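Listed here are the chains, written in short residue letters.
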Amino acid sequence: MTLQWTAVAFFLYAEIVVNLILCIPFISARRWRSVFSWRIWNWLSPYWNKCFVTMIMVLIVLFLDAVREVQKYSGPEPMHDAKVNPNLYDNVHMKLFRAQRNLYISGFSLFLWLIMRRIVTLLNQVAITVENSSGLQAQMDSAVKAAKQHQDDNLMLKQALLDEEQSMSAKTQQMKLEADKLADQVKAAEEAVRKSHAEVEAMRRQAKGLAHEYDRLLREHHQLQNLQSPADKKDQ
């Protein structure tokens, strides 16, 4: 194996290890996001896209070269030469095996490189979604708590209004009873005043009759005195 394909093979093994680590279930997306937020990644971020595109181009070139080698050694001419010269048969098959091996290595390296980029992007998106969900959950809990508090306040207000209404109803009933009682008392007072007026009027008529009777008796008394005066004078 040449140096370039040895490097590609080690790169493939590194990709497998990194992808397996990224897929570990007990490491949450938020923890991966905190790891990706380290200062070193921020320092490497300007070069990351260039490195990613460069690796894709290199792997595509190697993949196409491997495809070319597979087509070269699996074509009819090398097989015909291998049949004509039996010494070349093993050599052609060995080169075809190496070309196929290189094709698989470069193809899987390119595939895992894209997969690793996608996994990192999805982990960041999941972490952001979890953080937003936590914020939304906190807002929802706050809204539910506020709604519950508002509902409790409404219930307390309704209970207070009901108690006030019952109190006002009781006070109104009591005031109505007192008003009826006062009306009865006023009616009784009016009746007493009417009777008093009637008694006063009767006493006034009686006093007037007594005054007339007194005047009549007084006149009769004067008349009797006047009658007795001449009789006394005659006796003398």
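The name that an unreviewed UniProt entry assigns to the protein chain is Endoplasmic reticulum transmembrane protein, with the source organism given as Perca flavescens. If you open the UniProt record of the protein chain and go to Function (unreviewed entry), you find "May play a role in anterograde transport of membrane proteins from the endoplasmic reticulum to the Golgi." Per UniProt, the comment on the protein chain under Subcellular location (unreviewed entry) is "Endoplasmic reticulum membrane".

**Q** Quick rundown of the overall build of the protein chain? Include the residues and the values.
**A** Along the backbone of the protein chain there are five helices and zero strands. Ordered by position from N to C terminus, the α and β elements of the protein chain give α-α-α-α-α. Among the 236 residues that make up the protein chain, the fraction classed as buried is 15%. For the protein chain, contacts bridging at least 24 residues in sequence account for 82% of all contacts bridging at least 6.

**Q** Describe in detail the UniProt feature "transmembrane region" (unreviewed entry) in the protein chain, supporting the description with residues and values.
**A** Under the UniProt annotation, the feature "transmembrane region" (unreviewed entry) is placed at residues 7-27, 47-67 and 103-120. End C-alpha to end C-alpha, residues 47-67 measures 30 Å, and it is 100% helix and 0% strand. Here residues 103-120 runs as 100% helix and 0% strand, with 26 Å between its end C-alpha atoms.

**Q** Could you give an account of the side chain of Ser-106, with specific residues and numbers?
**A** Following the sequence through the fold, Ser-106 ends up in helix α5 (residues 87-235). For Ser-106, a relative accessible area of 0% translates into the label buried. Not counting residues within four places of it along the chain, the set of residues in contact with Ser-106 comprises Trp-5, Val-8, Leu-59, Leu-62, Phe-63 and Ala-66.

**Q** Talk me through the pattern of salt bridges; I want residue IDs and the actual numbers.
**A** Tallied over the entire structure, the rule returns six salt bridges. When the shortest N-O distance is used, the salt bridge between Arg-68 and Glu-69 registers 2.8 Å. Glu-69 sits in the buried class, given a relative accessible area of 18%. The partner of Arg-204 in a salt bridge is Glu-201, and the shortest N-O contact between them spans 3.7 Å. Within this pair, Arg-204 and its partner Glu-201 are both found in helix α5, separated by three residues, close to a single helical turn. Sharing partners across several salt bridges, the network here consists of Asp-65, Arg-68 and Glu-69.

**Q** Any details on the packing of aromatic side chains? Residues and values, ideally.
**A** Under the defined criterion, the tally for this structure stands at three aromatic pairs. Here Phe-10 and Tyr-13 contribute two aromatic rings whose centre-to-centre distance is 6.2 Å and whose plane-to-plane angle is 85 degrees, an arrangement assigned as edge-to-face. Note that Phe-10 and Tyr-13 are positioned in helix α1 (residues 3-22) at a spacing of three residues, about one turn of the helix. Overall, the relative accessible area of 57% leaves Phe-10 in the exposed class. A centroid spacing of 5.6 Å and a plane angle of 25 degrees characterise the contact between Phe-52 and Trp-113, whose relative ring orientation is stacked. Of this pair, Phe-52 sits in helix α3 (residues 39-73) while Trp-113 sits in helix α5; the two residues are 61 residues apart in sequence, bridging distant segments of the chain. When sorted by exposure, Phe-52 lands in the same class as Trp-113, which is buried. Aromatic rings pair up to connect Phe-11, Phe-52 and Trp-113 into one cluster.

**Q** Please give an account of the nonpolar core that cites residues and values.
**A** Counting residues in hydrophobic clusters, the biggest one holds 22 residues, and the most contacted among them are Val-8 and Trp-113. When contributions to this core are tallied by element, the ones reaching two or more residues are α1, α3 and α5. Ranked by residues supplied to this core, first place goes to α5 with 10 residues. Not counting the four nearest positions on each side in its chain, Val-8 is found in contact with Leu-59, Leu-62, Ile-105, Ser-106 and Ser-109.

**Q** Before we move on, can you summarise α1 with the specific residues and values?
**A** Given a rise of 1.5 Å per residue, 20 residues ought to cover 28 Å, and the 28 Å separating the end C-alpha atoms of α1 matches this to within 8%. Those residues of α1 lying buried are Trp-5, Val-8, Ala-9, Leu-12, Glu-15, Asn-19 and Leu-22. Looking straight down α1, one finds its buried side chains confined to an arc of 150 degrees; they lie on one side. Structural note: α1 exposes Leu-3, Phe-10 and Leu-20 on the side pointing more than 90 degrees away from its buried face.

Quick notes on the rules
- Residues numbered from 1 in each chain as written.
- Predicted model: local features only at pLDDT ≥ 70, side-chain atom pairs only at ≥ 80, totals over all residues.
- Heavy atoms only, no water.
- UniProt positions renumbered as here; feature names shortened; annotations may be inferred.
- Helix = DSSP H or I, 4+ residues; strand = E, 2+ residues; numbered from the N terminus.
- Buried < 20%, exposed > 50% of the residue type's maximum accessible area, 1.4 Å probe, protein only.
- Contact = heavy atoms within 4.5 Å.
- Salt bridge = Lys/Arg side-chain N within 4 Å of Asp/Glu carboxyl O.
- Phe/Tyr/Trp six-rings, centres within 6.5 Å; stacked < 30°, edge-to-face > 60°.
- Core = buried A, V, L, I, M, F, W, Y, C linked by side-chain atoms within 4.5 Å.
- Expected span 1.5 Å × (residues − 1).
- Arc of directions from axis to C-beta.

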